[in-house]
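Given next are the chains, with one letter for each unit.
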Amino acid sequence: MIGAIHVLAQAAPSPSPFAAPTGPDAPIATPVLVFQPVIPELILCGVAIVGMLYEAFARRSSRSVHMVFALAGLAGAGIAAIKLWNWAGDATVLGDSIAADRFTVVATVVLVIAAAFGVIHYTHETGSGRLAFRGEFYPLVLFATAGMVLIAAANDLIVVFIALEILSLSLYVLTGLGGRRSDEAAMKYFLLGAFSSALFLYGVAMAYGATGTTKIPDIVGALGGQTGSQALALLALGLLVIGFGFKIAAAPFHMWTPDVYQGAPTPVVAFMSAATKVAAFFALMRVLDVALQPLTSTWTLVIYGLAIVSVVLGSVLMAAQRDVKRLLGYSSVAHAGFILAGLTSPNTIGIRAAMFYLIAYSVMTVGAFGITMLVGVKTDEPSSYDSYDGLSARSPGLAALLAIFLLSLAGIPPTVGFIAKLTVFGAAIRAGNWPLVVVCVLASVIAAYAYLRVVLRMYFREPHVAVEDDRSLLPQVAGFVLAVAVVVLGVFPRVLSSVIESASILKW
């Protein structure tokens, strides 16, 4: 025996000093770094840093220079995203933490367009003297947009959380750039946002505890193979939905929305109302329809309940408002419910319906806030209903544009809002959720009453006080472009739906 061992020892080859070490001394494997899919985020962050340095070191910063920098960065990010439409590389990059798909490209383009309109609106407001110029606005918008693009592309729950904090911290500061009322709104947004972020992070921890990973494709594999803890997975589902619910302004996590919309500067609200909802919903779709796909029967019930509460509460409270910005705040809650109704169809049809609605909502709400910014500029309460009395007589162009946006938000044909509602209702009916559709239709009637109150005051009321409007060309042109989009997409929805059809299937 001893002799045999001795012979084997002599016959065994001695390890080469140049061989790669194995075991504990082996080097850590590093992922292949492919940066093309994150070029939009890198452009946005790079231009934001340049803007911050310019604001810090320039003797007197210029709003025109800031605007050019910001718009150039947004355009560059949009072009870089469009070039990824036919990306032939891996479906995920950077250690499988970022998804490279058309789903992300659509989100990026919508987000940079919303940010561009926010930049234009803010530049006009500060140029008119109604809002104090703060050069940090532009870098903050770019950082927020970078976070939004990143959260839409995130393929790992940790990356989702990091992106969520990037966009949230920027929006907290942006909300407080308008004076004392803005400070109060920013504080409320910050406190409730911090609470929701903590719950979201706790949900990420529960997901890791249930599956042993935070990678979205690996989570679905663990849950589908019944190797994870169902109890922890259900707890993770609840906490993640709460975190997302705050960002999408779904009831009952909407408490911050009307106060922040009323108190924050209107250009900031125009940007955040559309962009935040788009980014959060795109991330929510990726988490629910991919990571938590094995729990579909459970999360569809949760989404079903949130949709009912959101559409009913948002629509009813809209009807009780006397301030247009608060009206649009509760409108955001109701529209979150309509989008959630589409997502109760847990398949490609539901994803397409939600994507169409999100893009339509972005166009409508950015346009509505853009016109609201121009009405009653010399009054103490410019967003009060009284400022809109007789608007058609003194500013017929503004009245017509705002009427188009409000009618579209109400879902009146032939606007894109009507097509968007038909799309999500159709998706819900195909999933067998016709009682939810009935509730949504009834809520739409109540919401239509709230929108039409403002339209009727614009066209059939005499002004009670002397009101002056801003008739500057640039913001009206921006509003006209968005109004044309509302009508064109309502008459020819195939222009948008054809793009969505090729982008709604998530590649893994």
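Coordinates for the structure precede this section.
A brief structural summary. Within each chain, residues carry numbers counting from 1 in the order of the written sequence. Restriction of local features to residues with pLDDT of at least 70 applies here, the model being predicted, together with a cutoff of 80 or more for giving and counting side-chain atom pairs; totals for whole chains, interfaces and linings are based on all residues. Hydrogens and water molecules were not included; the side-chain quantities draw on all heavy atoms of the structure.

Observations regarding the pattern of salt bridges
Basic side-chain nitrogens of Lys or Arg form a salt bridge, by our definition, when they fall within 4 Å of a carboxyl oxygen of Asp or Glu. All told, the structure shown has nine salt bridges when counted by the stated rule. The closest approach of N and O atoms between Arg-326 and Asp-259, which form a salt bridge, is 2.9 Å. Taken as a pair, Arg-326 in helix H13 (residues 324–343) and Asp-259 in helix H10 (residues 257–263) lie far apart in primary sequence, 67 residues in all. Taken together, the shared-partner salt bridges in this structure form one network comprising Arg-322, Asp-386, Asp-389 and Arg-457. We count a stretch as a helix when DSSP gives it H or I for four or more residues in a row; a strand needs E for two or more, and each element gets its number in order from the N terminus.

Re the packing of helix H5 (residues 137–153) against helix H11 (residues 266–291)
Contact pair H5 / H11: the axes reach a minimum separation of 7 Å and the direction vectors enclose 20°. Viewed along their axes, H5 and H11 adopt a mutual orientation that is roughly parallel. Relative to H11, H5 is oriented so that their crossing is left-handed. Residues Phe-137, Val-141, Ala-144, Thr-145, Met-148, Ile-151, Ala-152 and Ala-153 of H5 form the contact with H11, whose own contacting residues are Val-268, Phe-271, Ala-275, Thr-276, Ala-279, Phe-282, Ala-283 and Arg-286. Axis definition: a line fit to C-alpha positions, over the contact stretch in the case of helices; interaxial angles, taken between N-to-C directions, run 0 to 180 degrees. Working definition: roughly parallel below 35 degrees, roughly antiparallel above 145 degrees, roughly perpendicular at 65 to 115 degrees, and oblique for all remaining angles. When the near helix sits turned anticlockwise from the far one by under a right angle, the crossing is termed left-handed; a clockwise turn instead gives a right-handed crossing. We call two residues in contact whenever any of their non-hydrogen atoms come within 4.5 Å of each other.

What about empty space enclosed by the protein?
Site definitions follow a grid-based scheme: protein atoms alone, a 1 Å grid, a 1.4 Å probe that fits but cannot get out for cavities, and for pockets an open set with protein on both sides within 12 Å along at least five of seven lines, plus lining residues having an atom within 4 Å of a point. Grid points are joined across faces, edges and corners, and a volume is the space filled by probe spheres set on the points. Under the counting rule described, the total for this entry stands at five cavities of 30 Å³ or more. Reported here for the largest cavity is a volume of approximately 100 Å³. What lines the largest cavity is a set of 13 residues, and nearest its centre among them are Pro-37, Leu-84, Asp-101, Thr-104 and Val-105. Elements with a minimum of two residues in the lining of the largest cavity: helix H2 (39–57), helix H4 (102–127) and H5. Here the lining of the largest cavity takes three residues from H4, the largest share from any one element. For this classification, the nonpolar set comprises Ala, Val, Leu, Ile, Met, Phe, Trp, Tyr, Cys and Pro, the charged set comprises Asp, Glu, Lys and Arg, and every other residue, Gly included, is treated as polar. By residue class, the composition of the lining of the largest cavity is nine nonpolar, two polar and two charged. Lining the second largest cavity, in full, are Leu-157, Ala-207, Ala-210, Thr-211, Ile-219, Leu-223, Ala-233, Ala-236, Leu-240, Val-287, Ala-291 and Leu-292.

Notes on the nonpolar core
The biggest cluster of nonpolar side chains holds 170 residues, and the ones touching the most others in it are Phe-282 and Leu-340. If we skip the residues at most four places from it in the chain, Phe-282 touches Phe-103, Val-106, Ala-107, Ala-152, Met-355 and Leu-358. As used in this record, nonpolar core signifies buried Ala, Val, Leu, Ile, Met, Phe, Trp, Tyr and Cys residues forming a set joined through side-chain atoms within 4.5 Å. Note on classification: 1.4 Å probe, protein chains only; a residue is buried when its accessible area is under 20% of the maximum for its type, exposed when over 50%, partly exposed between these limits.

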